[in-house]
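Here is what each chain is made of, one letter per residue.
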Amino acid sequence: GLAVQGGSVTTSGLTLTWTAPASNPASYELSISPNPGVSLPIAIAGTATSYAVAGLSQNTNYTFELRAKNTTGLSAPASVQQLTLPAAPTGLSANPIAATTVTINWTPPGGSLTGYDLDYSTDNTFAGATTVSPGGGASSQAVGGLTANTTYYFRLRAKNTTGSSDYSTTLTVLTRPAAPTSLA
């Protein structure tokens, strides 16, 4: 049967694999729905058992149908559905910024998401990072319990049922200083 090669799914492509029939066909025809903007069906050599599909859209559910072909005609299709990974969120910003709380805002990548991973740390390599997980419809997240007058690094990735996007660019935020106390 037709399958998606494990670990091959990205925001814009994947690799399909299959087992050839007992006698290799002259060729295969691959159809993709919705059409990613290419001429369909795609002709594939009869000796092939895999095909790398490129040019797909992020966070989109596709149906792939593969048929063996010879001079007599086409076989019944083998099919598989696959959701591509979401793109990374963009436009990370911090507003408002307080001494111990920051609200991180972003532009979602589009499509249906299951959530996000928002990592933050005082280390720009994210060693010992804390992760909060806003829901899929979010475009901001308040982060509390921070230390005043401290630099924090934030990064965000989107998630769907297939997996996670790449991380966004890193946002650097300096929290406000604490208020003076015991003014006499």
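Residues numbered from 1 in each chain as written. Predicted model: local features only at pLDDT ≥ 70, side-chain atom pairs only at ≥ 80, totals over all residues. Heavy atoms only, no water.

A. Structural detail: the sheet that holds strand β5 (residues 50–53). Strand order in the open sheet formed by 3 strands is β1-β2-β5, with antiparallel pairing between adjacent strands. The sheet is open, and its two borders are formed by β1 (3–4) and β5, each paired with just one other strand. As paired elements, β1 and strand β2 (residues 14–17) share 2 bridges and run antiparallel to each other. Within the sheet, the bridge partner assigned to A3 lies in β2 and is T17. (Pairing = 2+ DSSP bridges. Helix = DSSP H or I, 4+ residues; strand = E, 2+ residues; numbered from the N terminus.)

B. Geometry of the sheet that holds strand β12 (residues 140–143). As summarised here, the arrangement of the 3 strands in space is β8-β9-β12, forming an open sheet in which the pairing is antiparallel. Every interior strand has two partners, whereas the edge strands, β8 (90–97) and β12, have only one. The sheet shows a mean angle of 20° between the axes of neighbouring strands, direction not considered. Across 4 bridges, strand β9 (residues 102–107) lies against β12 in antiparallel orientation. Bridge pairing in β12 places T103 opposite A142. (Axes fitted to C-alpha atoms, helices over the stretch in contact; angles between N-to-C directions.)

C. Here's a closer look at the packing of aromatic side chains. Going through the model one piece at a time under the given rule, you end up with 4 aromatic pairs. Taking the centre distance of 5.2 Å and the plane angle of 65° together, the rings of W18 and Y28 count as edge-to-face. Here W18 is found in the loop between β2 and β3 (27–33), whereas its partner Y28 is found in strand β3, with 10 residues between them in sequence. On the basis of relative accessibility, which here comes to 8%, the residue W18 falls in the buried class. Residue class for Y28 comes out buried when judged on its relative accessible area of 2%. Relative to F154, the ring of Y120 has its centre 5.7 Å away and its plane inclined at 25°; by these criteria the two rings are stacked. You can see Y120 sitting in strand β10 (residues 115–121) and its partner F154 sitting in strand β13 (residues 151–159), a full 34 residues away along the chain. For the pair Y120 and F154, one class covers both residues: buried. Over the ring of F126 we find R155; its NZ or CZ atom is 4.2 Å from the centre of that ring. Sitting over the face of the ring of Y167, R155 holds its NZ or CZ atom 3.9 Å from the ring centroid. (Phe/Tyr/Trp six-rings, centres within 6.5 Å; stacked < 30°, edge-to-face > 60°. Buried < 20%, exposed > 50% of the residue type's maximum accessible area, 1.4 Å probe, protein only. Lys NZ or Arg CZ within 6 Å of the ring centre and 35° of its normal.)

D. A look at the side chain of T175. Looking at where T175 falls in the secondary structure, it is placed in the segment after β14 (171–174). There is a polar contact of 2.7 Å between the side chain of T175 and the backbone oxygen of T147. Leave out the neighbours within four places in its chain, and T175 touches I97, A98, A99, V102, L146, T147, A148, N149, T150 and Y152. (Polar contact = N/O pair within 3.5 Å; in protein donor to acceptor, adjacent residues only side chain to side chain. Contact = heavy atoms within 4.5 Å.)

E. Just the side chain of Q82, in detail. Following the sequence through the fold, Q82 ends up in strand β7 (residues 78–83). Exposure remark for Q82: the relative accessible area of 16% places this residue in the buried category. In terms of polar contacts, Q82 uses its side chain to reach the side chain of T162, at 3.3 Å.

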